[in-house]
Amino acid sequence: MQSKNIMIVGVGGQGTLLTSRVLGKIALTGGYDVKLSEVHGMAQRGGSVVTFVRYGETVAEPIVEEGQADILIAFERLEALRYAHFLKPEGAIIVNDTRIDPMPVVIGAAEYPEGILDTLRQSYKVLAVDATAEALKLGNPRVFNTIILGVAAQKMEFSKEEWLDVIADTVPPKTVSINQTAFLTGYNYTGDHTAEGQE
């Protein structure tokens, strides 16, 4: 198979690194060569964090070049817009439909863009889910990233059981059950945006 290139983008503290580790581990269990790379803009909470996961028969380097990502997993709308140019033309964006103001917006030096999802849909396949709201329904707002991972898993070749096993091996032991439930919430998600974004 050709290498699969996945990019995970978010804001510091949103769990991008844990998500990349789950992705890397499931690719390893599938027998693939895997490369991970973490790029910190500002790793503290509030700063942009980017991770790359590449897997295939053989993977030479971990960095995904612009225009080469198969899937962009974005934990926040503006981060999706900021990194959309890394996608292949036929790539897909899985985005958490939530807003976190970056520092320039907080201090009034910039405005948060309007209509981000509509803008993205003009050029890309977009599947948006308010994973933060879904996580709150489960009683733990921190597992929104696992919900997004579940949505992304719909576009990958690994079985539901493989995902659940890797999650159990990767997340803190006390959070296995809630993370598996969150993953299944995303994995079974069809959502209001699917028809718009997938056609």
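What counts, and where the lines are drawn
Per chain, residue numbering runs from 1 following the sequence as it is written. It should be noted that, the model being predicted, local features are given only for residues of pLDDT at least 70 and side-chain atom pairs only at 80 or more, the latter also being counted only at that level, while totals for whole chains, interfaces and linings use all residues. The side-chain quantities take in all heavy atoms of the structure and omit both hydrogens and water. The salt bridge criterion pairs a side-chain nitrogen of Lys or Arg with a carboxyl oxygen of Asp or Glu, the two atoms within 4 Å. Here a strand is any run of E in DSSP of at least two residues, a helix any run of H or I of at least four, and the numbering for each starts at the N terminus. For Phe, Tyr and Trp, where Trp contributes only its six-membered ring, two rings pair if their centres lie within 6.5 Å, and the inter-plane angle classes them as stacked under 30 degrees, edge-to-face over 60, or tilted in between. Buried means the residue's accessible area, taken with a 1.4 Å probe over protein chains only, is under 20% of the maximum for its type, while exposed means over 50%, and partly exposed covers the values in between. Angles shown run from 0 to 180 degrees and are taken between the N-to-C directions of axes, each axis being a line fitted to C-alpha atoms and, for helices, limited to the stretch in contact. Helix crossings fall into two classes, left-handed where the near helix is turned counterclockwise from the far one by less than a right angle and right-handed where it is turned clockwise. Residue contacts are counted whenever heavy atoms from the two residues lie within 4.5 Å of one another. Reported orientations rely on four angle classes, namely roughly parallel under 35 degrees, roughly antiparallel over 145, roughly perpendicular from 65 to 115, and oblique for the rest. Residue classes follow a fixed rule: Ala, Val, Leu, Ile, Met, Phe, Trp, Tyr, Cys and Pro count as nonpolar, while Asp, Glu, Lys and Arg count as charged, and any other residue, Gly among them, counts as polar. Per-residue confidence from the predictor is reported as pLDDT, which spans 0 to 100. Here the expected span of a helix is defined as 1.5 Å times the quantity of residues minus one. Nonpolar cores are built from buried Ala, Val, Leu, Ile, Met, Phe, Trp, Tyr and Cys residues. Side-chain atoms within 4.5 Å join them into one set. Working definition: the arc comes from the directions between the helix axis and the C-beta atoms, pointing outward to the latter.

Taken as a whole and judged by the stated rule, the model has 7 salt bridges. Residue Lys88 pairs with Asp70 through a salt bridge whose shortest N-O separation is 2.9 Å. Remark: Asp70 occurs in strand 4 (residues 69–74) and Lys88 occurs in strand 5 (residues 87–96); sequence separation between them is 18 residues.

What follows covers the packing of aromatic side chains. One pass over the full model with this rule turns up 9 aromatic pairs. Between Tyr55 and Phe158, the aromatic rings sit 5.7 Å apart at their centres with planes inclined by 50°, giving tilted as the arrangement. Taken together, the residues span a long stretch of sequence, with Tyr55 in strand 3 (residues 48–56) and Phe158 in the loop between helix 6 (144–153) and helix 7 (160–170) at a distance of 103 residues. Side by side, Tyr55 and Phe158 carry an identical accessibility label, which is buried. Pairing Phe183 with Tyr187 gives two aromatic rings, centres 5.5 Å apart and planes at 25°, and the pair type is stacked.

Let's shift gears to the packing of helix 5 (residues 131–138) against helix 6. Running from amino to carboxyl end, helix 5 crosses helix 6 at an angle of 115°, the nearest separation of the two axes being 8 Å. As helix 5 packs across helix 6, the resulting crossing turns out to be right-handed. Across the interface between the two elements, Ala131, Thr132, Glu134, Ala135 and Leu138 from helix 5 touch Phe144, Ile147 and Ile148 from helix 6.

Moving on, we come to the side chain of Glu79. With respect to the element layout, Glu79 can be found in helix 2 (residues 77–83). Glu79 sits in the buried class, given a relative accessible area of 3%. Apart from residues lying up to four places away in sequence, Glu79 is in contact with Val9, Gly10, Val11 and Ser48.

Between helix 7 and helix 8 (residues 176–187), the shortest axis-to-axis distance is 9 Å and the interhelical angle comes to 150°. Considering their axes alone, helix 7 and helix 8 lie roughly antiparallel with respect to each other. In this structure, helix 7 crosses over helix 8, and the sense of that crossing is right-handed. Of helix 8, the residues touching helix 7 (which contributes Lys160, Trp163, Leu164, Ile167 and Ala168) are Val176, Asn179, Gln180, Phe183, Leu184 and Tyr187. Of the residues contributing to the contact of helix 7 with helix 8, the split by class is 8 nonpolar, 2 polar and 1 charged.

This paragraph deals with the confidence of the model for the protein. Of the residues in the protein, 92% reach a pLDDT of 70 or more, and the chain-wide mean stands at 88. Every residue in residues 193–199 is under pLDDT 50, and counting partners more than four places away or in other chains gives 11 contacts.

For helix 1 (residues 16–29), spanning 14 residues, the distance from its first C-alpha to its last is 20 Å, which sits close to the expected 20 Å at 1.5 Å a residue. Among the residues making up helix 1, those that are buried are Thr16, Thr19, Ser20, Val22, Leu23, Gly24, Ile26 and Ala27. Positioned one or two residues after helix 1, Gly31 has a phi angle of 85°, which is positive.

Attention now goes to the nonpolar core. In terms of nonpolar packing, the biggest core is built from 37 residues, with Ile6, Leu23, Tyr55, Ile73, Met156, Phe158 and Trp163 touching the most fellow members. For this core, the element with the highest residue contribution is helix 6, accounting for 7 residues. Those residues within four positions of Leu23 in sequence are excluded, and the remaining contacts are Ile6, Ile8, Val53, Ile73, Leu149, Met156 and Trp163. Residues Phe52, Ile93, Tyr112 and Leu120 belong to the second largest nonpolar core, which totals 23 residues.

Considered for burial, the residues of helix 7 that qualify are Trp163, Leu164, Val166, Ile167 and Thr170. Projected down its long axis, helix 7 carries its buried residues within an arc of 165°, all on one side. More than 90 degrees from the buried face of helix 7, the exposed residues found are Asp165 and Asp169. Where the residues of helix 7 are buried, they touch helix 1, helix 6 and helix 8.

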